[in-house]
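Reading the structure
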Amino acid sequence: MRSRSLLTPLSMMLVAASGVRAAYLASVSALTAARESSTSRRPDHPAGAGLVMDGRLPAYEGVDALYSPRRTVLDTILVEAAREAGAEVRENFRVTQVTSSGGRVTGTRGAARGRPEVTETASLLIGADGKRSLIAGAVGARRYREQPVRSFASYSYWAGVPVTCGELYQRPGRAVAVFPTNDELTMVYAAAPMTEFASARADLEGHYLRTLDLCGDLGKRVRSGRRAERLRATPDQPNTFRCSHGPGWALAGDAGVVMDSVSAQGMTHALRDASHLSAAVVAGLGGSRPLAGALHDHQRRRDRAIRGIYDFTLGLAAFPPGHARPAPLPRRRRRRPAGNRPVPRRLRRHRAAGAVFHPPHRGAHPRLAGHRQAHDSHGEPAVLRPAAT
Ligand SMILES: Cc1cc2nc3c(=O)[nH]c(=O)nc-3n(C[C@H](O)[C@H](O)[C@H](O)COP(=O)(O)OP(=O)(O)OC[C@H]3O[C@@H](n4cnc5c(N)ncnc54)[C@H](O)[C@@H]3O)c2cc1C
């Protein structure tokens, strides 16, 4: 399943750092710029729905926006960048088996579509093959911090939906994200508790649309557009860490740590993991330190970096009954430099009502901006205003 991709500033910084040329990044921003309508409209929340948080995202290493490119666009950009950096890329090639000798992984067997099977050998095999990683399974990578599936996700792409910015909603038992993406389409995503999946299956589209109806006028706006693609729904959202290395092998991205999509953190993790793992591999295979030690340190660093957001994500995906308040933010993300004005504590509970993210510089370089923790993060606090305005 091709998932949506909402990219955080950290992701964009990592995409840039991974050697993607500025022109490529410019094409991402151009393709995914928030669309401005002549009558710049705001979502209309009914009175009583709480407050709307209207925010700008504080800059992280110079990136102050969220991006929401289609995966088809982003993946092509990354593959081209890898090719340009000198990697031999084989597309439509399926790995079917991991080879080993004396307890050490030595390579893979696999085939390009319609071609005979080939064996490839390597000093180190890196499994970046996603949440159902064949390589992790073949090497028996140990799982830890594993939790049952908590939510299922439904999403589709719509044409003609009036949106001028990204929107996030949290409702009891629901999380909804709306983001403009490529080709003048809008991605509309909804998450709901896994316990509802069996009953929702009979009418997934009805369940999805009824969820949007919980978000002010969102359901009405979405229905005023046209669904451009089929509705995709998935309960395949495992939550687990896997041991990331062993003799002759290592894991990256979802293959190593996977979590519920509700927090949209998977790409950030995958990009950061790839960056840190490659540094460890260069050190280990380059001879500046023993490979096993470098990979061991990488796993510890990975786990430290992701533990907080993993727990936060599981809290969001649990949809505690009775209220829409999300789990507390991971401790590290709550730090705020002195001098920033926090949103008063009594107002913080209202962030569950909805968040609207506008391009920071309308007209000049339109971008999506804002994030749900903008109120207590590292920059300008978000503005809270009554929902009815
Ligand atoms: C519904 C949904 C919505 C999401 N939304 C977001 C979001 O908005 N933002 C975000 O950051 N994250 C999101 N995620 C998570 C994100 O998609 C993943 O975390 C991210 O794609 C992980 O990247 P990866 O490279 O590790 O794995 P993948 O993107 O899964 O890539 C693995 C690759 O390995 C290939 N592969 C697998 N097996 C084999 C084999 N045997 N041989 C050859 N190739 C193989 C696959 O074809 C694929 O190309 C979402 C996930 C879901 C399910």
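Up top is the structure these notes are about.
Below or above, wherever it landed, is the structure these notes cover. (Residues numbered from 1 in each chain as written. Predicted model: local features only at pLDDT ≥ 70, side-chain atom pairs only at ≥ 80, totals over all residues.)

In this section: the overall build of the protein. Tallying secondary structure elements over the protein gives 11 helices and 18 strands in all. When the 389 residues of the protein are sorted by exposure, 41% land in the buried category. (Helix = DSSP H or I, 4+ residues; strand = E, 2+ residues; numbered from the N terminus. Buried ≥ 20, exposed ≤ 12 C-beta atoms within 10 Å, placed from the backbone.)

Strands sit in the order 2-3-4 across an open sheet of 3 strands; the sheet is antiparallel. Looking along the sheet, the strands with just one partner apiece sit at the ends: strand 2 (93–101) and strand 4 (118–121). Across the sheet, the mean angle separating the axes of adjacent strands is 30° when strand polarity is ignored. (Pairing = 2+ DSSP bridges. Axes fitted to C-alpha atoms, helices over the stretch in contact; angles between N-to-C directions.)

Right, let's talk about the environment of L291 for a bit. Inspection of the secondary structure puts L291 in helix 9 (residues 291–317). Separated by 167 residues in sequence, L291 and L124 have C-alpha atoms that sit 9.7 Å apart. Sequence-distant contacts of L291, that is, excluding residues within four places in its chain, are made with G284 and L285. (Contact = placed C-beta atoms within 7 Å.)

Here we take up the sheet that holds strand 16 (residues 257–258). Strand order in the open sheet made by the 3 strands is 6-13-16, with antiparallel pairing throughout. Two strands close off the open sheet at either side, each with one partner strand: strand 6 (143–147) and strand 16. Relative to strand 13 (residues 239–242), strand 6 is paired through 3 bridges, and the arrangement is antiparallel. Following the sheet pairing, R143 is matched in strand 13 by R242.

This next bit is on helix 8 (residues 266–286). Each α-helix turn comprises 3.6 residues. Residues three or four places apart therefore point the same way. The terminal C-alpha atoms of helix 8 lie 29 Å apart, and with 21 residues this matches the ideal 30 Å at 1.5 Å per residue to within 8%. Residues of helix 8 that are buried include every one of G266, M267, T268, H269, A270, L271, R272, D273, L277, A280, V281 and G284, and no others. Looking at the residues trailing helix 8, positive phi occurs at G287, about 95°. (Expected span 1.5 Å × (residues − 1).)

With that settled, the discussion passes to the nonpolar core. V176, V178, M187, V188, Y189, A190 and L212 are the most contacted members of the largest nonpolar core, which has 40 residues in total. Among the secondary structure elements, those contributing two or more residues to this core are strand 7 (151–159), strand 8 (166–171), strand 9 (174–180), strand 10 (185–193), helix 6 (204–212), helix 7 (218–223), strand 16 and helix 9. The greatest single-element share of this core, amounting to 7 residues, is contributed by strand 10. The contacts of A190, once residues within four sequence positions are left out, are S154, Y155, R174, V176, Y208, T211 and L212. By size, the runner-up hydrophobic cluster in this structure holds 19 residues, among which are A136, A141, L277 and L291. (Core = buried A, V, L, I, M, F, W, Y, C linked by C-beta atoms within 7 Å.)

This part covers helix 6. H207, Y208, T211 and L212 are the residues of helix 6 that are buried. Each buried residue of helix 6 sits inside an arc of 140° when the element is viewed along its axis, so together they form one side. The inward-facing, buried residues of helix 6 contact strand 7, strand 9, strand 10, helix 5 (197–200) and helix 7. (Arc of directions from axis to C-beta.)

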